[in-house]
Amino acid sequence: MATKTERKKTEMTEADAGRVFIFDTTLRDGEQSPGCSMNLEEKLRIADALEAMGVDIIEAGFPIASNGDFEAVRDVAGRVKDATVAGLARASRKDIDRAWEALRHAARPRIHTFISTSPLHMEYKLQMAPDAVHDRMVESVAYARNLCDDVEWSPEDGTRTEHDFLCRCVESAIKAGASTINIPDTVGYTVPEEFHALIDMLRNRVPNIDKAVISVHCHNDLGLAVANSLAAIRAGARQVECTINGIGERAGNAAMEEIVMALKVRGDAMPYHTGVVSENITQASHLVSTITGFRVQPNKAIVGANAFAHESGIHQDGMLKHTGTYEIMTPESVGLHKSTLVMGKHSGRHAFKAKLQELGYVLGDNELQDAFQRFKDLADKKKDVYDEDIVALVDDQMMHANDRIRFVSLQVIAGSRGPQSAELELNIDGETKTNKSTGAGPVDATFNAIKTLFPHAAQLQLYQVHAVTEGTDAQAQVTVRLEEDGRTVNGQGADTDTLVASAKAYIHALNKLLVKREKSALSALSA
Ligand code: KIV
Ligand code: ZN
């Protein structure tokens, strides 16, 4: 696993005309996907992964949107050293002040401010005339620039904006102090040729355009977000906004891993490059899908489970003769290593620590001791311990570290005769409680027991089981999504027993709800 200290940081100089800046918005636009909420600790883990992979700009949130967003931007800003940290703000002083408050201690802060410029958005959403939108934009960019040296401006719904008005606004935004102009395809409507022509048009018609970096932000409603982003790069854009696994509103945003690898693999056709360490892609993808519960489709480019699998005889034969016959990039180039069975119940602490480092984890002494014990327990139950098992085990440990409600034990009666029942023991705030419940199946019985021990009104929105490796002794990784009073949380649990993993995932989601409840109560008190 490459780290930021090993990577060569490409200097962002004019001489390096082919350098494309990667602006990751997983924590802001990605988090706007319904059901995709992340807590502070999870956002910090993702920010660390993004920085380690060499992302240039991390958009950490929309500080005025909620206290949670504010804290996330503030804490990411305080932690990240190499990358620029951006916070989003509408065209208002209140938004910009709040964004600056969150960003001010960042090593490299950026205020990203936006206002809609398309006729549809101006008339119906903003109910403002174009001149008023223009003037509001100039005022807000200038205001942001007084606070922060690095200001990005976006005309929302840019691809459906009338060209003369777009040119006028872009020119004024640059005059007012914006050093990045981001053109969003907010509704995923454009097509590559049209978007290329739009960027070309801006470069030809806006007189001061050379004073700013042109950025693009493409949504994937027609499945064209990556193609549109690449077309824009060919036309002169030098920043792309994207998310890990392409998560985001509706059909999502342009997928970072696809853009990075398209530029890397097809440097002959597209002579541009990014500063992203592509070997970190798989780990980042896995982290985001585990935290959000948004599993990656198996045939997804670069990070899908089948992206490097060869099933048909003809392909397998070709691969044996020369891997280049059916592989245009190596699995290793995206950080995918063949699962090697190097760990087993006789492996010692040193070997385990080395394996964790190879997988990108650095644990403190106590955490390491805990993880090692869990590994030994797993190795006792499971014949083969693969890298994926160790990742699931450590993720599970890290996610449950601060839980108030803790899983102790579970005994289940399942099968066709019924009634299916679950006898569950939990530790709630230090007190051990037990309950035996029945249900329509063992999962239902287990969840009923949890509800009896910890009564709550949250609704189950998602229950998802994923096998970490192959084989009937594989660990199950379960995601449970709960919703209560508009608050959504995702819980995860992993275990060789699917029902234990299910109980752990439900309990994890409840723990996260408790934290959210406490935070809402605190902010209601201080309001
Ligand atoms: O899609 C969009 O238009 C956005 C802007 C705020 C950049 O996310
Ligand atoms: Zn967007």
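Not measured: the values here are computed from a predicted model.

**Some remarks on the coordination of the zinc ion (ligand 2)**
Now for step 1: At 2.0 to 2.1 Å from the zinc ion (ligand 2) lie its protein donor atoms, namely Asp29 (OD), His217 (NE2) and His219 (NE2).
Now for step 2: Mapped onto the sequence, the donors of the zinc ion (ligand 2) take the spacing D-x187-H-x1-H. Taken together, the residues Asp29 in the loop between strand E1 (21-24) and helix H1 (40-52) and His217 in strand E7 (residues 213-218) connect sequence positions 188 residues apart.
Now for step 3: We classify Asp29 as buried; its relative accessible area is 3%.
Now for step 4: When its relative accessible area of 5% is taken as the criterion, His217 is described as buried.

**Structural notes on the pairing of strand E13 (residues 476-484)**
Now for step 1: By the criterion of burial, E13 is predominantly enclosed, with 8 of the 9 residues buried.
Now for step 2: Bridge count between strand E12 (residues 459-467) and E13: 8 bridges; the pairing is antiparallel. Along E13, the bridge assignment pairs Gln464 with Thr479.
Now for step 3: Direction of pairing for E13 relative to strand E14 (residues 487-495): antiparallel, over a ladder of 9 bridges. Residue pairing across strands places Glu484 opposite Arg487, the latter belonging to E14.

**Structural notes on the site of ligand 1**
Now for step 1: As a matter of local geometry, ligand 1 sits amid Arg28, Asp29, His112, Phe114, Ser154, Glu156, Asn182, Pro184, Thr186, His217 and His219.
Now for step 2: Measuring from an oxygen atom of ligand 1, one finds a side-chain N or O atom of Thr186 at 2.6 Å.
Now for step 3: Between ligand 1 and the protein, one listed contact pairs an oxygen atom with a side-chain N or O atom of His217 at 3.1 Å.
Now for step 4: When ligand 1 is considered free in solution it has 260 Å² of accessible area, and contact with the protein chains removes 94% of it.
Now for step 5: Mapped by element, the contributors of at least two residues to the shell around ligand 1 are strand E4 (109-116), strand E5 (151-156) and strand E6 (180-185).
Now for step 6: Tallied by class, the residues present in the shell around ligand 1 amount to 2 nonpolar, 6 polar and 3 charged.

**Some points on empty space enclosed by the protein**
Now for step 1: Using the criterion set out here, one finds 1 cavity of 30 Å³ or more in the structure.
Now for step 2: In this model, the largest cavity occupies a volume close to 30 Å³.
Now for step 3: What lines the largest cavity is simply Thr290, Ala392, Asp395, Asp396, Met399, Gln477, Gln492, Gly493 and Ala494.
Now for step 4: Contributions of two or more residues to the lining of the largest cavity are made by helix H14 (387-399) and E14.
Now for step 5: Examining the composition of the lining of the largest cavity, we find that 4 residues originate from one element, H14, more than from any other.
Now for step 6: In terms of residue class, the lining of the largest cavity is made up of 3 nonpolar, 4 polar and 2 charged.

**Examining the layout of surface pockets**
Now for step 1: Quantified by volume, the second largest pocket comes out at close to 1,000 Å³.
Now for step 2: Along its surface, the second largest pocket is lined by 41 residues, and Met38, Asn39, Leu40, Gly68 and Lys516 are the ones closest to its centre.
Now for step 3: Every element with two or more residues in the lining of the second largest pocket is listed here: H1, helix H2 (67-79), H14, E14 and helix H16 (498-526).
Now for step 4: With 10 residues, H16 is the single largest residue contributor to the lining of the second largest pocket.
Now for step 5: Its residues placed into classes, the lining of the second largest pocket shows 11 nonpolar, 15 polar and 15 charged.

Definitions and limits used
- Residues numbered from 1 in each chain as written.
- Chains lettered and ligands numbered in written order.
- Predicted model: local features only at pLDDT ≥ 70, side-chain atom pairs only at ≥ 80, totals over all residues.
- Heavy atoms only, no water.
- Donors = N, O, S within 2.8 Å, 3.2 Å for Na, K, Ca; no water.
- Helix = DSSP H or I, 4+ residues; strand = E, 2+ residues; numbered from the N terminus.
- Buried < 20%, exposed > 50% of the residue type's maximum accessible area, 1.4 Å probe, protein only.
- Pairing = 2+ DSSP bridges.
- Near = heavy atom within 4 Å.
- Polar contact = N/O pair within 3.5 Å; in protein donor to acceptor, adjacent residues only side chain to side chain.
- Areas by Shrake-Rupley, 256 points an atom, 1.4 Å probe, with all protein chains shown as cover.
- Nonpolar A, V, L, I, M, F, W, Y, C, P; charged D, E, K, R; others polar.
- 1 Å grid on protein atoms, 1.4 Å probe; cavity = no way out; pocket = protein on both sides within 12 Å on 5 of 7 lines; lining within 4 Å.
- Points joined across faces, edges and corners; volume = space filled by probe spheres on them.

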